[in-house]
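# Chain and residue survey
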Amino acid sequence: MTTSEKSPSHTPAKVVGLAALAGTILPPVAFLCGVMPLDTVKGIMLVSTILWFVAAPWWMKVD
Amino acid sequence: MTSHEYEHAGQGMVDEVESPAVGSEYERERVPESALKGPSAFWGMYAGEHTAGTEFMIGPLFVKWGADAFSLIVGLLIGNLLAVLTWRYLTAPIACSERLTLYYKMEKIAGRGLVTVYNLANGLLFCFLAGSMITVSATAVGPFFPAGTIAMPTFSSTMPTGPAWIASCIVIGAAMTFVALKGYDVVALVGHYSAPWMFLIFLACAVVTLGKLGTTDVWALLTPPPGTEQSISFVGIVLFAWFCNAAMHIGMADLSVLRFAKKPSAGWASAAGMFLGHYVAWICAALLLIYWVKEKGVNPQEGKDPGTMVNDAVGWAGLVCIIIAGWTTANPTIYRAGLAFQGVLPGLSRTGATLLAGAVCIAAGIFPAFAMRLLDFVGVYGTILAPVGGLIVVDHFLADLVGIDRDPAAKSGESVNMAVLIAWLVPVLIGLSMTAVSPVNPWGFEVPPWYLPLPCTMACGILYILLSKFASGRAAAAA
């Protein structure tokens, strides 16, 4: 399985996908550092999860 | 626990396989040069397929058994390294030289009839594995309902915990079976897309847990309290990490995947699965239970269900992760188990075979015993299936040296090579009789199942040489 040809939606999808991945791991790090409450972490992670599954099919198309 | 066993079951038995994954073509011929793939194809596949829902069970089970920090951090490192080296220096070189599926290579050595037996064993073991995944996924349903609606199983649960639990397992299992009836292309894609996100969810669970515990000293957290009985040793952890995928590496099931590799160095790609899924993810999952033991007073011998722990740590994103991790692994497993059953019962339709496999999986999922004894089950799985790798190693490296035929069944046309059957069954039956899962143990001691794949595989190879030489000697005398 490899990332396929670049469609017009590839770059925006990649940006959203990377942001979603960041939104999955950075809030827990912020919680660990004591700068974000857990409920906010959970909320951001859920939104990031939704965004990831919207972006990933466009970013990670399979040959 | 691995999730790509599904790519192999049924191959050689059913000609049309609707898999988009590596390994579904050229089932009865060498892979041509034009179809070979570079290393990147394998890194992503191994990374995704070794991060499954069952990882949420294995880490906490180590905590239950009192594993210490050194065993977990260094033992898992060594065990996973040994697994990677086995893939790289044993499985991949044979795969790149033969370029055949395990099933076709086995057919040439053992005969088509024995491949059917192997497939049946594989199919049934797949069903129990998928059942464990249904169990884990069902624990993620509980937090969506008011507390106490669904009684969750603990480590000591062997029987269903109540009607709501049974209903959860049936609904999840039925949904998985229904999708399996449609083929599993979509689920394979979802699994592919999920991999990086899923790994980060595991990591996020650990990071949040560290935040809740107010420390980043992972070594201290993984150190069990004084007086904790250690039921698994350092060597036990090393061997478990090495052989939890024994069927794949020394058992040669991954010939079906790595035969597409341009060079044996593609075997290094297994490191992605081992060190992300079987190292980082297991330790992250272990930390979840450690938090519940330290802060909420949970008895480590009873444990806490993955759904509750993950929901407490990262919320609904974690619950989605458990369900997807279980679904993407169990669904194709059900599909492939169906193919295996269809190979054994050719009169059965594809739909009927998949429904049969799904029913067995749901039945296994309802009973938490399989998930709660996952470490034992994985060891038994490797002990039964890995020895066939010994036959292939002998055939590939030693046959000419010791003076026995290569691919004997292909030359003789026999359906069952008795030398193979005896060489496979004798070590497996003796080995399993030494374990706690055996109803009869005449030995007076017990051996954990994950100690057995290597000795059984070696014994199988040695017996195969001896029996083949004996058979050829008798044939020569008769002539």
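Here is what the cut-offs are and how they apply
Residues numbered from 1 in each chain as written. Chains lettered and ligands numbered in written order. Predicted model: local features only at pLDDT ≥ 70, side-chain atom pairs only at ≥ 80, totals over all residues. Helix = DSSP H or I, 4+ residues; strand = E, 2+ residues; numbered from the N terminus. Rg over C-alpha atoms; globule rule 2.2 N^0.38 Å. Buried ≥ 20, exposed ≤ 12 C-beta atoms within 10 Å, placed from the backbone. Contact = placed C-beta atoms within 7 Å. Core = buried A, V, L, I, M, F, W, Y, C linked by C-beta atoms within 7 Å. Axes fitted to C-alpha atoms, helices over the stretch in contact; angles between N-to-C directions. Parallel < 35°, antiparallel > 145°, perpendicular 65-115°, else oblique. Left-handed = near helix turned anticlockwise from the far one by under 90°. Nonpolar A, V, L, I, M, F, W, Y, C, P; charged D, E, K, R; others polar. Expected span 1.5 Å × (residues − 1). Bend = angle between axes of the 7 residues up to and from the residue. pLDDT = per-residue confidence, 0-100.

### Section: the overall build of chain B
If you tally the helices and strands in chain B, you get 20 helices and zero strands. The C-alpha radius of gyration of chain B comes to 22 Å, within 12% of the 23 Å expected for a compact globule of 479 residues. A principal-axis box enclosing the C-alpha atoms of chain B has dimensions of 75 × 45 × 45 Å. A buried classification covers 62% of the 479 residues belonging to chain B. The contacts in chain B between residues at least 6 apart in sequence include a share of 85% that link residues at least 24 apart.

### A word on the overall build of chain A
In terms of regular secondary structure, chain A is built from two helices and zero strands. For chain A, long-range pairs separated by at least 24 residues make up 72% of all intrachain contacts whose partners lie at least 6 apart in sequence.

### A closer look at the nonpolar core
B:Ala130, B:Ile134, B:Ile201, B:Cys205, B:Ala286, B:Cys361 and B:Leu391 are the most contacted members of the largest nonpolar core, which has 186 residues in total. Ranked by residue count, the leading element in this core is helix H11 (residues 270-296) of chain B, at 18 residues. The contacts of B:Ile201, once residues within four sequence positions are left out, are A:Thr24, B:Val314, B:Ala317, B:Gly318 and B:Cys321.

### Topic: the packing of helix H1 (residues 10-32) of chain A against helix H2 (residues 38-59) of chain A
All names here are of chain A. Two elements in contact, H1 and H2, have axes whose closest approach is 8 Å; the angle formed by their N-to-C orientations is 155°. Classified by the interaxial angle, the pair formed by H1 and H2 is roughly antiparallel. Handedness of the crossing formed by H1 with H2: left-handed. Looking at the contact of H1 with H2 residue by residue, the class counts come to 19 nonpolar, seven polar and one charged.

### Topic: H11(B)
For an α-helix, the turn length of 3.6 residues means that residues three or four places apart are oriented alike. All names here are of chain B. Its 27 residues give H11 an end-to-end C-alpha distance of 37 Å, which sits within 8% of 39 Å, the value for a rise of 1.5 Å per residue. The principal kink in H11, of about 30°, is found at alanine 281. Counting buried residues in H11 gives 22 out of 27 residues, a clear majority hidden from the surface. The positive-phi residue at the C-terminal boundary of H11 is glycine 297, with phi of around 70°.

### A closer look at the interface of chain A and chain B
Tallying the contact residues gives 21 residues for chain A and 23 residues for chain B. Those elements giving two or more residues to the side of chain A that touches chain B turn out to be H1 and H2 of chain A. Examining the composition of the side of chain A that touches chain B, we find that ten residues originate from one element, H2(A), more than from any other. Of the residues contributing to the side of chain A that touches chain B, the split by class is 17 nonpolar, three polar and one charged.

### Side note on unusual backbone geometry
All names here are of chain B. Phi at arginine 99 takes a positive value of approximately 55°, unusual for a residue other than glycine. Relative to the elements of secondary structure, arginine 99 occurs in the loop between helix H3 (69-98) and helix H4 (102-110). The class of arginine 99 is buried, set by 21 C-beta atoms lying within 10 Å. Phi at aspartate 407 is positive, roughly 45°, even though this residue is not glycine.

### Focus: the packing of H2(A) against helix H7 (residues 185-213) of chain B
Contact geometry of H2(A) with H7(B) gives a least axis separation of 10 Å together with a crossing angle of 170°. In terms of orientation, H2(A) and H7(B) fall into the roughly antiparallel class. In contact with A:Leu38, A:Val41, A:Met45, A:Thr49, A:Trp52, A:Phe53, A:Ala56 and A:Pro57 of H2(A), H7(B) contributes B:Tyr193, B:Trp197, B:Ala204 and B:Val208. A class-by-class count of the residues in the contact of H2(A) with H7(B) yields eleven nonpolar, one polar and no charged.

### Details of H2(A)
Given a rise of 1.5 Å per residue, 22 residues ought to cover 32 Å, and the 30 Å separating the end C-alpha atoms of H2(A) matches this to within 8%. The principal kink in H2(A), of about 25°, is found at A:Phe53, preceding the proline A:Pro57 by one to four residues. Every buried residue belonging to H2(A) is among A:Val41, A:Lys42, A:Ile44, A:Met45, A:Ser48, A:Thr49, A:Trp52, A:Ala55, A:Ala56 and A:Trp59, and all of these are buried. Considering only its buried residues, H2(A) is in contact with H1 of chain A together with H7, helix H12 (306-314) and helix H13 (316-344) of chain B.

### Quick look at the environment of A:Pro28
Mapped onto the fold, A:Pro28 is located in helix H1. Taking the C-beta count within 10 Å as the criterion, A:Pro28 has 28 such neighbours and is therefore assigned buried. Setting aside anything within four residues of it in sequence, one finds A:Pro28 in contact with A:Val41, B:Ala204, B:Val207 and B:Val208.

### Remarks on the environment of B:Leu258
Residues and elements named next belong to chain B. Within the secondary structure layout, leucine 258 lies in helix H10 (residues 255-258). Each C-alpha atom, one on leucine 258 and one on isoleucine 94, is 9.0 Å from the other, the two residues being 164 residues apart in sequence. For leucine 258, the residues in contact, after removing those within four places along its chain, are Thr91, Ala92, Ala95, Cys96, Ala266 and Gly267.

### Description of the environment of B:Leu100
Mapped onto the fold, B:Leu100 is located in the loop between H3 and H4. Once residues within four sequence positions are removed from consideration, B:Leu100 is found in contact with B:Arg30, B:Lys105, B:Leu255 and B:Arg259.

### Topic: the confidence of the model for chain B
Looking at chain B, the pLDDT average stands at 88 and 94% of residues meet or exceed 70. Note that pLDDT drops below 50 for residues 1-23 of chain B; the model gives that stretch 78 contacts with residues more than four away or on any other chain.

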